[in-house]
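Each chain is listed here by its residues.
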Amino acid sequence: MTDRPESVRTARASRTAFAIVLAVLLPMLAGCSDELMRFRGADVPLDVKPQQWWHERGPVVPHDSFPSDCSLCHVGNSWNVVRDDFEFDHLAETGVPLEGAHARAECLRCHNDRGPAGTFASRGCQGCHEDPHRSQLGTSCEDCHGAQDWQPNEQIAMHSRTRFPLVGAHAGTACFSCHEGAQVGNFAHTDTECVTCHAKDLAKAKSPDHAVQGWVSGCDECHVPTSWAGAGFRHDAFPLVGAHAATDCAACHASNNFIGTPSDCAACHQSDYDTAEPDHQAAGFPTDCDQCHNAAGWQGASFDHSSWPLTGVHAAADCQSCHVGGVYQGTPTTCVECHQSDYDGAKDPDHAGSGFPTTCDDCHGTGGWPGAFFDHTSWPLTGAHSGTDCTACHVGGVYQGTPTDCVACHQSDYDGTDDPDHAAAGFATTCDDCHATGGWAGAFFTHPMWPLTGAHSAVDCAQCHVGGVYGGTSTDCVSCHQSDYDGASDPNHVASGFPTTCEDCHSTGGWEGAFFDHASWPLTGAHSAVDCAQCHVGGVYIGTPTDCIQCHQSDYDSTSDPNHAAAGFPTDCETCHTTSTWQGAVFSHSSWPLTGAHVSTDCTQCHVGGVYGGTPTDCIACHQSDYDNTNDPDHAAAGFPVDCLACHSTSHWSGATFQHDFPITTGKHKGFDCIDCHTSPSNFVQFSCIDCHAHSQSSMASEHHNVSNYVWTSSACYMCHPKGKE
């Protein structure tokens, strides 16, 4: 013992003394642990910081496993004040997050002499908090309470899950009004019948007297939970609308008799029926008044004349006009029954003489007799036909059997036409093939078998149909354009062997601006503006090669930046060049992708001397000098590997990042400087654990007495604690 340092002997003596004090105090404290649980003395502040201690909370938990350097947590000589910069990640270290009021509570609320906090935490809320509800609301406190405070959350919403949702005045009523004992957390089941709480209200209801009527239950049939005033019975069996809604109940329920009241109109309105104008009884009108009347009032009655709808002038006609003598039964619905005299007197045209049917509504509407319109659907009237007088086609007032062929009326027009001569040309007499009903002028033939487009649409018919011959005209372009083909010299169509299918290159818009679909070798970029003769030398269009080098051999041979021939570049130019221009060629560096700073590096910086074959891809091949000259840290001295990408990116050398297997971004080793563990600046392979973790060798040997092959070295520490945890 005499060999131990003074600080070690002092620390051991202090722990021994503290153990003796605990041995005396703990039996005394055991008898008053309940008092400690309930204690809230006047001198105990409610806002003690979570990591501090108050002497009234009892003795602290044993510190046997804590570091011996007390100043790591405590300030000066004050044991109940913890350093401001002290941090303890409760979630990371224990797996239990502290939220709400738990995060604000001092540590000894849970970690005290009652026993391990985990024992109580495993019981849930009941481990620390007494249940004032006497187990009536279950054990899941978090269903109603949050960690912020004990105030219940969403009481109204939660009550809606019960058999009695809180709405109206009920939502603003104190809980204890229905649940006796609610002030102390007792929410025993309560009867949901209205009369359970509202018996006094029932006894006071006299207008009408609820008790006399036998209305002693089901208050919600008339009342809503907003208030008792303004009760409204749901008159579903006989909805009250119009004047009925404003009528006093007693008007229908005589002597306060609410049972068996008839719902037939006549039961209340027999006298109205008997005195009605027209005489309802004499006319045999039914007594179901709602066929014509509504609940708004007797005046303005309207009969649903749906069996024969009243429209136009019929709607304004007096009932007696049709129902003569007040007879409403068996009235005929055919027009002629009322309008025979109108039919007989019609002279323009004479309906009877022309044999027109007596179904007046074929031509006339209910708006009035003038302006009759016949639906000429069997032969629709359009264009000039729509303005033609009927007798122009129906000669002599004959409307039956009129022919519908155009030539029946227009034979003279057909025979007299000479531009062109329809009869001589053998044109068909189906006039509507070329003419419309708008008029004879501007006739248009649709030319469906050979559509006229472009310049063809403006050509005179006789230019193609020579001599007025319209049958058998050829549709081949060359039949009209042989002279155009023969005279073409730029290029010479005949000499070049061009086909006579003119439409391959020309359109009907005009000969100029011909365009050949170069689909066999698409023209793009600068090629699209090159003159044909530049590739098709001497007017030869057949067998022209498509390889780039056939035209661009001189470009390949004369290129010096870089020298394509010397560098052995392939002659398939499109690998790097586009058809737009030679400048700005781009090589797809897919065998070794260029990223970061490599993208803007000149080719010759890696391909020295214009040599592009066999260039190495290892970083060190270009960056050996960067590796050798690095001194922060010295890569060579530290034995760093030469695969630079392990720490560096292609963007730049600065800001290299090493993937450290041992955790240094979280936990207790977070924020350490490299030199704290790698004590030899020139050798990062070496590290030290025992220089930071100031334990004596003998105490560690004692603690690891049952660990096989234990050695007091840093490498041994790392072998057992590769993640820095115990």
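One can find the structure itself at the top, above this paragraph.
Our subject in this report is the structure included herewith. Owing to the predicted nature of the structure, the values given are computational and were not obtained by experimental measurement.

**Structural notes on the overall build of the protein**
At step 1: Helix and strand counts for the protein come out as 30 helices and two strands.
At step 2: On C-alpha atoms alone, the protein measures out to a radius of gyration of 55 Å, which is more than a quarter above the 27 Å that the 2.2 N^0.38 rule sets for 726 residues.
At step 3: Reported as C-alpha extents along the three principal axes, the dimensions of the protein are approximately 150 × 120 × 35 Å.
At step 4: Counting across all 726 residues of the protein, residues that qualify as buried make up 11%.
At step 5: For the protein, the accessible surface area stands at approximately 52400 Å², while carbon and sulfur atoms represent 57% of it.
At step 6: Of the charged side chains in the protein, 25 are positive and 87 negative, and the gap between their average positions amounts to 40 Å.

**Some points on the pattern of salt bridges**
At step 1: This structure, assessed with the given rule, holds three salt bridges.
At step 2: In this structure, D85 engages R83 in a salt bridge whose closest nitrogen and oxygen atoms are separated by 2.8 Å.
At step 3: Here R83 falls in the partly exposed class, since its relative accessible area comes to 28%.

**Quick look at the side chain of S714**
At step 1: Relative to the assigned elements, S714 resides in helix 30 (residues 714-720).
At step 2: The contacts of S714, once residues within four sequence positions are left out, are F687, S688, C689 and I690.

**Digging into unusual backbone geometry**
At step 1: The step from E277 to P278 runs through a cis peptide bond, and the omega angle for that step is 10°.
At step 2: Relative to the helices and strands, P278 resides in the loop between helix 10 (265-274) and helix 11 (280-283).
At step 3: Following D419, the chain continues to P420 via a peptide bond in cis, the omega torsion being -5°.
At step 4: Take P420: it is sitting in the loop between helix 17 (407-416) and helix 18 (422-425).
At step 5: Positive phi values are uncommon outside glycine, yet H447 reaches one of about 45°.
At step 6: One can find H447 in the loop between helix 18 and helix 19 (461-464).
At step 7: By relative accessible area, which is 15% here, H447 ends up buried.
At step 8: Positive phi is not limited to glycine here, since N709 has a value of about 60°.
At step 9: Among the structural elements, N709 can be located in the loop between helix 29 (697-703) and helix 30.
At step 10: A relative accessible area of 74% means that N709 is categorised as exposed.

**Some thoughts on the state of the cysteines**
At step 1: Considering all chains together, one arrives at zero disulfides under this definition.
At step 2: Looking at C322, it has no disulfide partner, and the nearest cysteine sulfur is the one in C338, 4.5 Å off.

**Details of the packing of aromatic side chains**
At step 1: The full count for this structure, using the stated rule, is six aromatic pairs.
At step 2: Ring plane angle 75° and centroid distance 5.2 Å describe the contact between F569 and Y612, whose orientation is recorded as edge-to-face. In this pair, F569 sits in the loop between helix 24 (564-567) and helix 25 (603-606) while Y612 sits in the loop between helix 25 and helix 26 (619-629), placing the two residues 43 residues apart along the sequence.
At step 3: Ring plane angle 45° and centroid distance 6.1 Å describe the contact between F662 and Y718, whose orientation is recorded as tilted. Here Y718 lies in helix 30 and F662 lies in the loop between helix 27 (635-638) and helix 28 (674-677), a separation of 56 residues in the sequence.
At step 4: Here Y718 falls in the partly exposed class, since its relative accessible area comes to 31%.
At step 5: What links up through ring pairs into an aromatic cluster is the set F662, F687 and Y718.

**Quick look at the environment of C335**
At step 1: For C335, the location among the structural elements is in the loop between helix 13 (319-322) and helix 14 (336-345).
At step 2: Residue classification places C335 among the partly exposed positions, given a relative accessible area of 24%.
At step 3: As for C335 and G513, which are separated by 178 residues in sequence, their C-alpha atoms are 72 Å apart.
At step 4: In this structure, C335 is in contact with C360 and D361, ignoring residues within four places of it in sequence.

**What to know about the side chain of H635**
At step 1: Along the chain, H635 falls in helix 27.
At step 2: Owing to a relative accessible area of 12%, H635 belongs among the buried residues under this scheme.
At step 3: Discounting residues that sit within four places of it in the chain, H635 has contacts with Y627, T630, F640 and H648.

Calculation criteria
- Residues numbered from 1 in each chain as written.
- Predicted model: local features only at pLDDT ≥ 70, side-chain atom pairs only at ≥ 80, totals over all residues.
- Heavy atoms only, no water.
- Helix = DSSP H or I, 4+ residues; strand = E, 2+ residues; numbered from the N terminus.
- Rg over C-alpha atoms; globule rule 2.2 N^0.38 Å.
- Buried < 20%, exposed > 50% of the residue type's maximum accessible area, 1.4 Å probe, protein only.
- Areas by Shrake-Rupley, 256 points an atom, 1.4 Å probe, with all protein chains shown as cover.
- Lys, Arg positive; Asp, Glu negative; His and termini not counted.
- Charge placed at Lys NZ, Arg CZ, Asp CG, Glu CD.
- Salt bridge = Lys/Arg side-chain N within 4 Å of Asp/Glu carboxyl O.
- Contact = heavy atoms within 4.5 Å.
- Disulfide = S-S within 2.5 Å.
- Phe/Tyr/Trp six-rings, centres within 6.5 Å; stacked < 30°, edge-to-face > 60°.

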